[in-house]
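Listed below are the residues making up each chain.
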Amino acid sequence: MNTPRLIDGKAAAARVLIEVRKDVERLRAQDIQPALAVILVGSDPASQVYVRNKILRAEEVGIRSLEHRLGTDTSTEQLLDLIARLNADGSIHGILLQLPLPAQVDELRALQAIVPGKDVDGFHSENVGGLSQGRTVLAPCTPSGCLYLLEQTCGDLRGKHAVVIGRSNIVGKPMAALLLKADCSVTVLHSRSPDPQALCRQADIVIAAVGRPRLIDASWLKPGAVVIDVGINRIDDAGRSRLVGDVDFDSALPQVAAITPVPGGVGPMTIAFLMKNTVTAALMQQHSLSEAVCHSIS
Ligand code: NAD
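Note that the coordinates shown come from a computational prediction; the quantities given were computed from them, not determined experimentally. (Residues numbered from 1 in each chain as written. Predicted model: local features only at pLDDT ≥ 70, side-chain atom pairs only at ≥ 80, totals over all residues. Heavy atoms only, no water.)

Before going further, it helps to examine the overall build of the protein. Assigned secondary structure in the protein consists of ten helices and eleven strands. Per-residue burial for the protein yields a buried fraction of 46% across its 298 residues. Within the protein, contacts between residues separated by at least 24 positions form 70% of all contacts whose residues are at least 6 apart in sequence. A total of about 14400 Å² of accessible surface is found on the protein, and carbon and sulfur atoms cover 53% of it. Side chains of the protein carry 30 positive and 31 negative charges; the gap between the two charge centres is 3 Å. (Helix = DSSP H or I, 4+ residues; strand = E, 2+ residues; numbered from the N terminus. Buried < 20%, exposed > 50% of the residue type's maximum accessible area, 1.4 Å probe, protein only. Contact = heavy atoms within 4.5 Å. Areas by Shrake-Rupley, 256 points an atom, 1.4 Å probe, with all protein chains shown as cover. Lys, Arg positive; Asp, Glu negative; His and termini not counted. Charge placed at Lys NZ, Arg CZ, Asp CG, Glu CD.)

Here it is as structure tokens:
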């Protein structure tokens, strides 16, 4: 077998961001400044870091970012008020609600309140439904980033057998929908799947989105499989805290054709696709606006 390839998520994300910047410049040339509103409710430390990184990345590619911080005791109604204002604001193209929300806030109502055209996380049921129908919609950022890495690594995905481990609404299910759209044969494994190793060993492509450190070792993998590790797990390693994926990288490496490392694999792709979705949302809004103008003229 050839030497296994490391799939470099940082380099791939940089390529996506170069394209995003070009789109931003094209929009600016038409007097449209793409803008992303990020809502952070409460003071979860990890969420604060994620929001800061998203805002920094937006600034780097020329997207205007607006941060809305609401207190830990915010009610659902107060959050819905803010979302309604951002929905109505024509200068805002994308709205991101950072999760998790404090317990008293109704997460589903809040996510459903974001108009689908500004739903850059792709969590609104209209976008979820559109994706499962194979339509082009704003799709969740992490699985979109995984699909990009797979297309770059494997080329044509048609007919490949992909196994997705995990069925969350954020990663596993939209990943399966995107792979189906790319004409893969898709198997989804989850915590109730009997003998997941045996099923996984049949896969040409494995996407691990479980949240269990190093669960998947070489015994789960067919020789020559391509492995995308979505998991981000903090472990204590001989007194040192470090991040590992859902895949046991050292065990898997000699078995695979290509694999993403953790960190430096899927992680950077998520933010890159958030930026891409923001620009796509701006383009879609520009398009529907010009269509509306054409209709009113005709
Ligand atoms: P989740 O907890 O919502 O879902 C985990 C899924 O794994 C569930 O569907 C469950 O059925 C399945 N599962 C649990 N144990 C299993 C087992 N033994 N065998 C097979 N399936 C099993 O998690 P999530 O939000 O989908 O996140 C998964 C991982 O991906 C986490 O480590 C998370 O931190 C990471 N993540 C990374 C990014 C990124 O940007 N790289 C984004 C989102 C999530």
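There is more to say after this.
In the neighbourhood of the ligand, 20 residues make up the surrounding shell, with R167, S168, S191, I232 and T270 lying closest. Here an oxygen atom of the ligand and a backbone polar atom of R167 are 2.8 Å apart. Measuring from a nitrogen atom of the ligand, one finds a side-chain N or O atom of R212 at 3.3 Å. Within the complex, 72% of the 860 Å² of free accessible area of the ligand lies under protein. A per-class count over the shell around the ligand returns eight nonpolar, ten polar and two charged. (Near = heavy atom within 4 Å. Polar contact = N/O pair within 3.5 Å; in protein donor to acceptor, adjacent residues only side chain to side chain. Nonpolar A, V, L, I, M, F, W, Y, C, P; charged D, E, K, R; others polar.)

For the pair helix α1 (residues 9-29) and helix α6 (residues 141-154), the least separation of the axes is 11 Å and the interaxial angle reads 105 degrees. In terms of axis orientation, α1 runs roughly perpendicular to α6. Facing G9, A12, R15 and V16 of α1, the residues of α6 in contact are Y148, L149 and Q152. Among the residues making up the contact of α1 with α6, the classes are represented as four nonpolar, two polar and one charged. (Axes fitted to C-alpha atoms, helices over the stretch in contact; angles between N-to-C directions. Parallel < 35°, antiparallel > 145°, perpendicular 65-115°, else oblique.)

A few words on the sheet that holds strand β3 (residues 64-70). In space, the three strands of this open sheet follow the order β3-β2-β4, with parallel pairing throughout. Looking at which strands have only one partner, the edges of the open sheet turn out to be β3 and β4 (94-97). The average angle at which neighbouring strand axes cross in this sheet is 20 degrees, direction not considered. Of the strands in this sheet, β2 (35-41), β3 and β4 touch helix α3 (residues 76-88), which is tilted by about 180 degrees from β2. (Pairing = 2+ DSSP bridges.)

Looking now at the packing of α6 against helix α7 (residues 172-181). α7 packs onto α6 with a crossing angle of 40 degrees between their chain directions and a minimal axis gap of 9 Å. Between α6 and α7, the angle falls in the class oblique. The chirality of how α6 crosses α7 is right-handed. Along its contact with α6, which presents P143, S144, C146, L147 and L150, the element α7 presents P174, M175, L178 and L179. (Left-handed = near helix turned anticlockwise from the far one by under 90°.)

By domain assignment, the protein separates into domain 1 (31-116) and domain 2 (141-267). When each unit is reduced to the centre of its C-alpha atoms, the spacing between domain 1 and domain 2 is 29 Å. (Domains from an automatic or database assignment.)

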